[in-house]
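# Overview (structure and organization)
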Amino acid sequence: MPVEITWWGHATCTVEDSGVRLLTDPLFARRLAHLRRRRGAVPPPEAAVADVALVSHLHADHLHLPSLSRLAPGTRLVVPRGACRAVPGLARTARLGGLVLTEVARGEEVPLRDGVRVRAVSARHDGRRLPFGPQAAPALGYVVQGAARTYFAGDTGLFDAMAEEVGPVDVALLPVGGWGPYLGPGHLDAGRAARALAELAPAAAVPVHYGTYWPIGLDAVRPHEFHAPGEEFARHAGRLAPKVTVRVPAHGERVQLP
């Protein structure tokens with residue numbers, strides 16, 4: 001049974017496996033603080049339909065309370081352990097929306113239905129809810145284990161034990177850019193994401209976290225960094241991981257992966 005991936009922009013994807021719909025880092029805003037959605041329409045209402053929503057870390061472009069409030073009652077919301085303590089309003093948003101809130105730490109699994117389960121893995125990224133105080137929850141990635149094994153990396157830098165901790169996977173959703181002209185530590189650009197892909201060695205990969213949001217007023221500042229990472233990733237992957245099928249979907253496009 002193939003896995004179906006819909007990329008809604010930034011790090012937001014729908015993963016469909018064995019009849020279970022999982023949504024990653026829901027972000028449905030046209031504008032977020034100084035960021036404006038530059039490509040792709042704001043996702044339609046059906047994008048918020050999911051059995052499970054996975055939040056990788058506490059940054060506002062990944063844990064976005066107004067977007068979480070669009071989820072249907074009964075949706076399971078999986079967040080890093082400590083998120084409720086660190087993010088004012090998260091528990092209230094979940095309670096008012098009728099969401100089933102689950103906090104997890106690295107290595108923990110969440111069983112779903114039809115044999116599908118989710119395992120939390122490490123990410124190398126700043127896990128703080130900026131600008132509020134010290135780090136209070138780790139950044140995570142997730143492995144969805146159903147008919148296939150799909151790795152959603154969240155936001156992360158490359159680290160030595162990545163492939164060992166993630167384990168064998170069939171599909172990798174890897175961040176390849178950002179929302180500004182410069183990437184700080186704890187991120188993958190197209191080249192580093194291709195190196196991670198070579199180590200993970202899945203059957204297929206989809207680049208995410210690029211080409212959606214860009215700071216207002218910086219339209220002319222290194223636009224290459226906004227437009228190019230997806231295709232750059234595919235090009236680097238062809239050299240470093242030639243056996244991996246790389247799909248570069250447009251915003252809102254649904255792809256089937258073996």
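Just so it is clear, the model here is predicted, and its values are computed rather than measured. (Residues numbered from 1 in each chain as written. Predicted model: local features only at pLDDT ≥ 70, side-chain atom pairs only at ≥ 80, totals over all residues. Heavy atoms only, no water.)

## Some remarks on the overall build of the protein chain
Just so we agree on the cut-off: What counts as a helix is a DSSP run of H or I of at least four residues, what counts as a strand is a run of E of at least two, and both are numbered from the N terminus. Note that the radius of gyration is over C-alpha atoms, with the globule rule given as 2.2 Å times the number of residues to the power 0.38. Each residue gets one of three labels from its accessible area relative to the maximum for its type: buried under 20%, exposed over 50%, partly exposed in between, using a 1.4 Å probe on protein chains only. The criterion used for residue contact is that any of the two residues' heavy atoms lie within 4.5 Å. A 1.4 Å probe and the Shrake-Rupley method give the accessible areas. Residues count as covered only by the protein chains that appear here. Only four residue types enter the charge count: Lys and Arg as positive, Asp and Glu as negative, with His and the chain ends excluded. Here the site of a charge means NZ on Lys, CZ on Arg, CG on Asp, or CD on Glu.
Scanning the protein chain from N- to C-terminus turns up 7 helices and 17 strands. A compact globule built from 258 residues would reach a C-alpha radius of gyration of about 18 Å, and the protein chain, at 17 Å, matches this within 12%. Here the C-alpha coordinates of the protein chain stretch approximately 50 × 45 × 35 Å along the principal axes. Within the protein chain, the proportion of its 258 residues that are buried is 54%. Within the protein chain, counting contacts between residues at least 6 apart in sequence, those at least 24 apart form 66% of the total. Approximately 10600 Å² of the protein chain is accessible, and the part contributed by carbon and sulfur atoms is 53%. One way to put it: in the protein chain the 29 positive side-chain charges average out to a point 5 Å from where the 24 negative ones average out.

## Some thoughts on the packing of aromatic side chains
Let me state the cut-off plainly: Centres within 6.5 Å are what make two rings of Phe, Tyr or Trp a pair, Trp counting through its six-membered ring; a difference in plane orientation under 30 degrees is then read as stacked, over 60 as edge-to-face, and the rest as tilted.
Per the stated rule, a full pass over the model turns up 2 aromatic pairs. Look at W7 and Y210: their rings are 5.2 Å apart centre to centre, the planes differ by 10°, and that puts the pair in the stacked class. Residue W7 is found in strand β1 (residues 3-9), and its partner Y210 is found in the loop between β14 (204-208) and β15 (213-215); the two are separated by 203 residues along the sequence. In this pair, the class of W7 matches that of Y210, namely buried.

## Focus: helix α3 (residues 90-97)
Formally: Throughout, the arc means that of the directions going from the helix axis to the C-beta atoms.
Considered for burial, the residues of α3 that qualify are L90, T93, A94 and G97. One side of α3 carries all its buried residues, which in axial view fall inside an arc of 95°. Facing away from the buried side of α3 by over 90 degrees, the exposed positions are R92, R95 and L96. Buried residues belonging to α3 abut α1 (65-68), β7 (76-80), α2 (83-86) and β8 (100-104). Following α3 by one or two positions, G98 adopts a phi angle in the positive range, close to 70°.

## A closer look at the layout of surface pockets
This is how it is decided: Put plainly, a pocket is an open set of points on a 1 Å grid over the protein atoms alone with protein on both sides within 12 Å along at least five of seven lines, a cavity is a set where a 1.4 Å probe fits but cannot get out, and a lining residue has an atom within 4 Å of a point. Grid points are joined across faces, edges and corners, and a volume is the space filled by probe spheres set on the points. Under the scheme applied, nonpolar residues are Ala, Val, Leu, Ile, Met, Phe, Trp, Tyr, Cys and Pro; charged residues are Asp, Glu, Lys and Arg; polar residues are all the others, including Gly.
Here the largest pocket defines a volume of roughly 370 Å³. Forming the boundary of the largest pocket are 21 residues, of which H59, D61, L130, W179 and H187 lie nearest the centre. Here the residues of the lining of the largest pocket are counted per class, giving 8 nonpolar, 9 polar and 4 charged. Empty space within the second largest pocket amounts to approximately 220 Å³. Considering the residues around the second largest pocket, the lining is formed by 18 residues, among which V176, L183, D189, A190 and E225 are closest to the centre. Mapped onto the lining of the second largest pocket, the elements with two or more residues apiece are α5 (190-200), α6 (224-227) and α7 (229-240).

## Quick look at the sheet that holds strand β17 (residues 254-257)
Put simply, the test is: Think of it this way: DSSP has to see at least two bridges between two strands before they count as a pair. Note on geometry: axes are lines fitted to C-alpha atoms, helical ones only across the stretch in contact, with angles between N-to-C directions running from 0 to 180 degrees.
The strand order across the open sheet built from 7 strands is β8-β7-β6-β3-β2-β1-β17, with neighbouring strands paired in mixed fashion. The open sheet has two free edges, formed respectively by β8 and β17, since each of these has just one partner strand. Recorded for the sheet is a direction-independent mean angle of 20° between the axes of neighbouring strands. The pairing of strand β3 (residues 20-24) with strand β6 (residues 52-54) spans 3 bridges and is classified as parallel.

## Notes on the side chain of R37
Selection rule: Any carboxyl oxygen of Asp or Glu within 4 Å of a side-chain nitrogen of Lys or Arg constitutes a salt bridge here. Side-chain atoms alone can form a polar contact between residues adjacent in sequence; in general such a contact is a pair of N or O atoms within 3.5 Å, and within protein one must be able to donate a hydrogen while the other accepts it.
Among the structural elements, R37 can be located in strand β5 (residues 35-37). In this structure, R37 is buried with no salt-bridge partner, the nearest side chain bearing the opposite charge being D61 at 11 Å. A polar contact is formed between the side chain of R37 and the backbone oxygen of R39, at a distance of 3.4 Å. A distance of 3.3 Å separates polar atoms of two side chains, one belonging to R37 and the other to Y213.

## Section: the side chain of T102
Positionally, T102 belongs in strand β8. Of the polar contacts made by the side chain of T102, one reaches the side chain of R76; its length is 2.8 Å. Dropping the residues within four chain positions of it, T102 is found in contact with R76, L77, V78, V79 and V110.

## Some remarks on the nonpolar core
Applicable threshold: Throughout this description, the term nonpolar core refers to a set of buried Ala, Val, Leu, Ile, Met, Phe, Trp, Tyr and Cys residues connected via side-chain atoms within 4.5 Å.
In this structure, Y142, Y151, L197 and F233 are the most contacted members of the largest nonpolar core, which totals 52 residues. Setting aside residues up to four positions removed in sequence, Y151 forms contacts with V121, Y142, V143, M162, V166, V169, V171, A172, L173, L174 and L200. Grouped together as the second largest cluster of nonpolar side chains are 22 residues, L23, L58, L77 and A94 included.

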